[in-house]
Amino acid sequence: MGTVFVITLFGAKIGRTLELVNWFLVGFILITLFIVCLLVVPFSKWVEGLGGIFTPALPPPGTDATLIGAMAGFAAMASGLNWWFMNYYRDKGYGMGHRVGYIAALVGGRQEPVAPVGKIFPEDEKNARLWRRWWRFLALEMWVVFAPGAFLGMFLPTILVSHLASLPGVEKPTAATMPTYAADILGRFYNPIFSVWALVVGFFILYSTQLGVFELLVRNVVDALNGVSPGFRRLIHEDPRRFYYPYMLVLAIVISVLLHLALPTGLILISANMSNLGALIYPFLLMYLNSKLPRPARMAWWSYVVLILNFLFFGFFFINFAVQQLTGTALVRF
């Protein structure tokens, strides 16, 4: 968390600095993971993994809705929290974002006032055409960059660990051994360099998540206060960095304490299921905000259906998590 704080200090825009760091982290993870899987995982496991994605089946025996809810909640914050990332589109200047402002880094950045509310373009044919162009750009980024990357990010570790767990005499992973499971088995059956690699990649996976979530927690609190409180804007003299960096330090201290309260896998179960809480709130806020947009930028009718399904699907997993915390028993077990 200290290094995240240091990273955010430098660059013209904090969002751009984070983007460059993530290009390295994600690139290293995906490229080296793909190479190791090619070297280690037999072809039959690749076929089995692909088949498992498209073959309907119940979860493995012993799985409960809390575990599935954690997987769902961590799936790119699809539960309704993915609106957080719009803040980065703003900082990059996408669409009307270039008229709103951005959060500059402390070293190398020049902070200008960040508008407390967004800007809406006039409804005419020219702007409608420009909006459709931006929308196509975002669709390409989602379906050509993000979706294949997310697929590989889930598929490759799955087939690797599945193969390692099937080796002769290998114990099954547990909640306590999972963080270093791949490294331990790779070191036992293959070259020790693979064990070191697995620990580095495991760290990068967790670190890239920490980098994004930690910074987003700070960024969105700053934006929320900046948007709703004129007194806050006067207090910081229209410079969000006056609150951004002190708040990040306070949050780092709080998280540093919480990290020691449970096993890593237990903390992941809690935090991932908590993200499902967003599905009970934000789909309806998005519907409301969408109604305020110019007509060319409003969602199609089927987007409302998807948001309602989001509410039902992810909302169930949060309710299950709450029940499990209160009673000790998940609503559904397999």
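Because the structure is predicted, anything quoted here is derived from the model rather than measured.

Peer 1: So what's going on with the packing of aromatic side chains? Residues and values would help.
Peer 2: How two aromatic rings sit relative to each other is set out by the distance from centre to centre and by the angle between their planes. Evaluated as defined, the whole model comprises 22 aromatic pairs. Ring geometry for Phe28 versus Phe204: centroids 5.4 Å apart, planes at 75 degrees, classification edge-to-face. With Phe28 in helix 2 (residues 14-40) and Phe204 in helix 8 (residues 192-228), this residue pair connects regions lying 176 residues apart in the sequence. Here Tyr89 and Tyr94 contribute two aromatic rings whose centre-to-centre distance is 5.1 Å and whose plane-to-plane angle is 45 degrees, an arrangement assigned as tilted. Of the two residues, Tyr89 and Tyr94, neither departs from the other in class, the shared state being buried. Taking NZ or CZ as reference, Lys13 lies 4.6 Å from the ring centre of Tyr102, over its face.

Peer 1: How would you explain helix 13 (residues 301-327) if you had to name every residue and give the values?
Peer 2: Helical geometry: 3.6 residues make up each α-helical turn, so side chains three or four residues apart lie on a common side. Compared with an ideal rise of 1.5 Å per residue, which puts 27 residues at 39 Å, helix 13 spans 39 Å between its outermost C-alpha atoms and is within 8% of the ideal. Its axis deflected by about 25 degrees at Gly315, helix 13 carries its strongest bend there. When we look at burial in helix 13, the residues that qualify are Ser303, Leu307, Asn310, Phe314, Gly315, Phe317, Phe318, Asn320 and Phe321. Tucked into the core, helix 13 has its buried residues touching helix 4 (65-74), helix 11 (264-275) and helix 12 (282-291). Once helix 13 ends, the next one or two residues include Gly328, with phi positive near 85 degrees.

Peer 1: Account for helix 6 (residues 125-165), naming residues and giving values.
Peer 2: Across its 41 residues, helix 6 extends 58 Å between first and last C-alpha, which sits within 8% of the 60 Å expected from 1.5 Å per residue. Phe146 marks the point of greatest bend in helix 6, at about 35 degrees, and the proline Pro148 comes within the next four residues. Taken as a whole, helix 6 has its buried residues at Asn127, Ala128, Phe155, Leu156, Ile159, Leu160, Val161, His163, Leu164 and Ala165. On its buried face, helix 6 is in contact with helix 2, helix 3 (43-54), helix 7 (178-189) and helix 8. Where helix 6 begins, the side chain of Asp124 points an oxygen toward the backbone nitrogen of Lys126, at a separation of 3.3 Å.

Conventions adopted
- Residues numbered from 1 in each chain as written.
- Predicted model: local features only at pLDDT ≥ 70, side-chain atom pairs only at ≥ 80, totals over all residues.
- Heavy atoms only, no water.
- Phe/Tyr/Trp six-rings, centres within 6.5 Å; stacked < 30°, edge-to-face > 60°.
- Helix = DSSP H or I, 4+ residues; strand = E, 2+ residues; numbered from the N terminus.
- Buried < 20%, exposed > 50% of the residue type's maximum accessible area, 1.4 Å probe, protein only.
- Lys NZ or Arg CZ within 6 Å of the ring centre and 35° of its normal.
- Expected span 1.5 Å × (residues − 1).
- Bend = angle between axes of the 7 residues up to and from the residue.
- Contact = heavy atoms within 4.5 Å.
- Polar contact = N/O pair within 3.5 Å; in protein donor to acceptor, adjacent residues only side chain to side chain.

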